[in-house]
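So the chains spell out like this:
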Amino acid sequence: MNEEARDTFEEIQRELVEIIAEMGYQKGRSNKFSIIVAYVYILGDVTQKILQDRTKFSLSTVSNALNTLEENDTVYKKYNQDDHQYHYFLNGTLSDILGRNMGDFQTYFSQLSKKIQEVGEILKDTRLYDKKGYDNIKEFVEKMAILIPAFQNLMIKYQLSTQQHRKEEGSPK
Amino acid sequence: MNEKNHIKQISFDPEILEIEEDLVNFLVDGMIKYSGRDPILSRTMTYFFTRKNLTQKELQKLTSYSAGTISKTTRQLLDLNLIEKSFIPGTHKHLYRMEELPYAKPSYLMNVENLLGGISVKLENLKGKLKGIKTYQDELDGFEKVELILNQLLTIIKSVPQFVEILNTELKGYLQKYPQFTSF
């Protein structure tokens, strides 16, 4: 084994973790969470122990992050009889995960739309009109009532163009 | 906005506070579940949706987070270009302001300026380094996976600016009809 090549490879892995973590931070994720996600992406098959060793974070930080990733279907776990530990795997490729996120956004906007309508109905109560803060909530609700359908339309359009693009490339949907 | 008016705006009546709390909880849950956003960042950011202008002290009161947590979170919101900071005239206090709802900016979904500002260059550099040790790829555990991730990230990142540009143009056209978004 070429030692120099191995050092370079480890350096590349570390830098890649930093880049993926930075992308997570830019999405509003916490730094620790982003670093854990980055290691799962890069290593593929990880245990809580491996993540603790690599990140030096506490077991509860690692465990909480993995639970969140499991809840949103980014990772799945399998029990390994040999080492008696749970192993965590990435649920699909990076593109798959981003694609799923786009579908999730549609679900999110649909639920948000219902909530905004619900609050809009509550605000119709005339007894609330002169209450302090009423105008602030009303302005937010009115803006969201415009923005949500705008985003929903854009997402439908984006999905259609992606499907069209895939069709042209001849790849499976 | 002077400080007196600003403080007046913060004290919502209980009936409205209840509506706001319910709305904030809903929005924060969604951000955590669907975007994987940090819960503390999400809650702090969401109060700007209804309050627009806030000091760190007011954010502390609204969220019950510590001064240190609020200081760190407002810094992240500034980094993400979601809020702006200014001095309250005649005081040493900072006022944080959200000019426009992040939902009105497609870049909120994919922080494109920051993605463009260096990440793709760093990824290209890593790709170059990886190419330099390709001869040893059979001996390096995980080489192919790293190579795949680098290529996938580069493809995704390169397509983001075009996609955001399309979203920006379309959203701008759509929102022009509404006086609420004249500044957009």
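Residues numbered from 1 in each chain as written. Chains lettered and ligands numbered in written order. Predicted model: local features only at pLDDT ≥ 70, side-chain atom pairs only at ≥ 80, totals over all residues. Heavy atoms only, no water.

**A short note on the sheet that holds strand E2 (residues 75-80) of chain A**
Strands belonging to one sheet form pairs held by backbone hydrogen bonds; the direction of such a pair is parallel or antiparallel. On the basis of which strands lie adjacent, the open sheet formed by three strands has the order E1-E3-E2 (chain A) and antiparallel pairing. At either margin of the open sheet sits one strand with a lone partner, and together these are strand E1 (45-46) and E2 of chain A. (Pairing = 2+ DSSP bridges. Helix = DSSP H or I, 4+ residues; strand = E, 2+ residues; numbered from the N terminus.)

**Some remarks on the side chain of threonine 46 of chain B**
Looking at where threonine 46 of chain B falls in the secondary structure, it is placed in helix H3 (residues 39-51). Not counting chain neighbours up to four residues away, the residues in contact with threonine 46 of chain B comprise Val24, Leu27, Val28 and Met31 of chain B. (Contact = heavy atoms within 4.5 Å.)

**What about the layout of surface pockets?**
Residue and element names in this part refer to chain B. Of the voids in this model, the second largest pocket is the one considered here, and its volume is about 510 Å³. Per-element accounting of the lining of the second largest pocket gives the leading share, five residues, to helix H5 (residues 67-79). For the lining of the second largest pocket, a count of residues per class yields seven nonpolar, 10 polar and five charged. (1 Å grid on protein atoms, 1.4 Å probe; cavity = no way out; pocket = protein on both sides within 12 Å on 5 of 7 lines; lining within 4 Å. Points joined across faces, edges and corners; volume = space filled by probe spheres on them. Nonpolar A, V, L, I, M, F, W, Y, C, P; charged D, E, K, R; others polar.)

**Structural notes on the interface of chain A and chain B**
Contacts between chain A and chain B engage 67 residues on the former and 69 residues on the latter. A combined buried area of about 6400 Å² lies between chain A and chain B, and 72% of that area is made up of carbon and sulfur atoms. When the shortest N-O distance is used, the salt bridge between glutamate 11 of chain A and lysine 129 of chain B registers 2.8 Å. Across the chain A-chain B interface, the total number found is 11 residue pairs in polar contact (both at pLDDT 80 or more). When contributions to the side of chain A that touches chain B are tallied by element, the ones reaching two or more residues are helix H1 (3-26), helix H2 (31-43), helix H5 (94-122) and helix H6 (134-169) of chain A. Ranked by residues supplied to the side of chain A that touches chain B, first place goes to H6 of chain A with 18 residues. Of the residues in the side of chain A that touches chain B, the class split is 37 nonpolar, 15 polar and 15 charged. (Buried area = accessible area lost by both parts, 1.4 Å probe. Salt bridge = Lys/Arg side-chain N within 4 Å of Asp/Glu carboxyl O. Polar contact = N/O pair within 3.5 Å; in protein donor to acceptor, adjacent residues only side chain to side chain.)

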